[in-house]
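Commentary on secondary and tertiary structure
These are the residues of each chain, in order.
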Amino acid sequence: MLSPFRSFSSLFATTLIMVLGAGLLTTYLGLSLAADGVEQLWIGGMMSAYYLGLVVGSKLGHKLIGRVGHIRTFVASAGMVTASALGHALTDDLQIWIALRLLVGTGMMCQYMVLESWLNEQAETNQRGTVFASYMIVSYVGMVGGQTVLSFFPELGLQPLLLVGICYALCIVPIALTKRIHPAPLHPAPLKILPFWRQVPQSLTTILMAGGISGSFYGLAPAFAAGSGLSTKEIAVFMSATILAGLLAQWPMGKLSDKIPRSRLLRTNSALLGLIVLSMAFLPVSGPLLIGLTFCFGILAFTLYPLATALANQHIEPDERVALSATILLTFGIGATIGPLIASGLMQLLGNSMLYGYMALVCLILFIRLQRVNYTQKMAKRMLSQQHSSDYQVASGDLVSSPLAAALDPRVNEELVQQQMRDEINTEPDTVIAAETTVAQTEPEQADADSLSMTEQTDTPTKAD
């Protein structure tokens, strides 16, 4: 059996080149705008436009793949992304840049859908986990590579944009020349937002907040680092360290979540992340300490999404997972669209450090929400167990054999109970007569003793009755 890297080498090569260009473009735009003194609100707006494009692309991609197939959809999307990325070199109008970022996000979501649906359909059951782990590793390596490449262009000229265009053009080549069989067309996944919010509130809340944190980091962290006095090369190291931490943390955190309840792990994660971003926001950190803190930030921030997704799938039936995946992607996209707008507004009003101040607020809200939902669920389970333990049970003692026991049970017909009690009363005299006849037929010398014994035995149930 071939290894996943060899089996899907063309798809992985396409992913690597494409994500390298995407990472380079995102950081380049943030640094260029910060160097030109553009307000943070515009920077956040462009990142929000990108994630809004991802949301739009999630609906458009299904229709395109169903109509023209996977490869044609990928080629068309790559052409649109290439033109949009190079369009930033033609104008300095920020409104046009926002529109271009929207187009880039839409096209890239279509590309992601082509790659992931192809992998999901053709990966063997016993290799699916390894295939998608390899896919995530390739994606993170591409992101780190994009930050590293930027360090070779400290002056931020047009060369990085040209390199981005080259990457988006070259990513077509491996997938266009693949010998793999084309997958079947996609069908639109249903959205059941409100039912899933009621069913897995902790997971979707975490995914929404994780989207806000991730979107804000990728869009505004370069501007934060530049405002802190870091050079272009140092900013590349800063971004690379954060993304590399997210890559290295995926496997250990997954193993840990198999041993510790995921809901508890999410609460711990959000609390520790809140402390780290508070330190980055209000303490004068720099140099190796700043790199260390952002490395810890990457470990915690980039594991929120996979932990929450695993927790959600843990409580969902298998036939609902397609709808859940669509809901998760939409929820993350909404958070990543709103987050950069709020963070950039706070940065513009209160200073550069409010990027991490905003994240600290998000972590606080997330922790409180998780605690509250967890407490509510525990109380509901406790009340349910008490209700089951207090269900009707027939009492022990003398009433068990009596029709009065049935009379106390509301599930029994009263007319039947009354008839049974009348029958018992009617049969009681016959029992007494039979007892007296038996006494009369005994030996005379034992009559008095037997009569006394019978009297004691008949008196006792009479008192009990």
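What you see is a predicted model, and the numbers here were worked out from it, not measured in a lab. (Residues numbered from 1 in each chain as written. Predicted model: local features only at pLDDT ≥ 70, side-chain atom pairs only at ≥ 80, totals over all residues. Heavy atoms only, no water.)

Per the secondary structure count, the protein includes 19 helices and zero strands. In the protein, buried positions account for 45% of the 465 residues. The contacts of the protein with a sequence gap of at least 6 include a subset with a gap of at least 24, amounting to 83%. For the protein, the exposed area adds up to about 24,200 Å²; of that, 63% sits on carbon and sulfur atoms. (Helix = DSSP H or I, 4+ residues; strand = E, 2+ residues; numbered from the N terminus. Buried < 20%, exposed > 50% of the residue type's maximum accessible area, 1.4 Å probe, protein only. Contact = heavy atoms within 4.5 Å. Areas by Shrake-Rupley, 256 points an atom, 1.4 Å probe, with all protein chains shown as cover.)

Its identity as a non-glycine residue notwithstanding, L156 has a phi of 55°, on the positive side. Summarising the element assignment, L156 is placed in the loop between α6 (128-150) and α7 (159-170).

Moving on: the side chain of S203. Position of S203 relative to the elements: it lies in helix α10 (residues 201-227). In this structure the side chain of S203 is engaged in a polar contact, spanning 3.2 Å, whose partner is the backbone oxygen of A308. Once residues lying within four places of it in the same chain are set aside, the contact partners of S203 are A308, L311 and A312. (Polar contact = N/O pair within 3.5 Å; in protein donor to acceptor, adjacent residues only side chain to side chain.)

What follows is about α7. Over its twelve residues, α7 extends 16 Å from the first C-alpha to the last, a length consistent with the 16 Å expected when each residue adds 1.5 Å. When α7 is considered as a whole, its buried residues turn out to be P160, L161, V164, G165, C167 and Y168. End-on, the buried residues of α7 take up no more than an arc of 160°, which puts them together on one face. (Expected span 1.5 Å × (residues − 1). Arc of directions from axis to C-beta.)

The next subject is the packing of aromatic side chains. Considering all chains together, one arrives at ten aromatic pairs under this definition. Plain terms: the ring middles of F8 and F12 are 6.4 Å apart, the flat faces sit at 55° to each other, and that makes the pair tilted. Of the two residues, F8 and F12, neither departs from the other in class, the shared state being buried. Residues F217 and F302 carry aromatic rings whose centres are separated by 5.9 Å and whose planes lie at 75° to one another, so their mutual orientation is edge-to-face. With F217 in helix α10 and F302 in the loop between α13 (287-301) and α14 (304-314), this pair connects stretches of sequence that are 85 residues apart. (Phe/Tyr/Trp six-rings, centres within 6.5 Å; stacked < 30°, edge-to-face > 60°.)

Let's shift gears to the nonpolar core. Membership of the largest hydrophobic core comes to 109 residues, with the highest contact counts inside it found for F217, F238, F297 and Y356. Take this core: its biggest share by element is twelve residues, from α10. Look past the residues within four positions of F297 in its chain and what remains in contact with it is I213, F217, T242, L273, I276, V277, F302, Y356 and M359. (Core = buried A, V, L, I, M, F, W, Y, C linked by side-chain atoms within 4.5 Å.)

Looking now at the confidence of the model for the protein. Of all residues in the protein, 79% have pLDDT values of 70 or greater, and the mean over the chain is 80. Across residues 391-412, confidence stays below pLDDT 50; counting only partners more than four residues off in sequence or on other chains, it has 17 contacts. Every residue in residues 431-465 scores below 50 in pLDDT, and together they form five contacts with partners more than four places removed in sequence or on other chains. (pLDDT = per-residue confidence, 0-100.)

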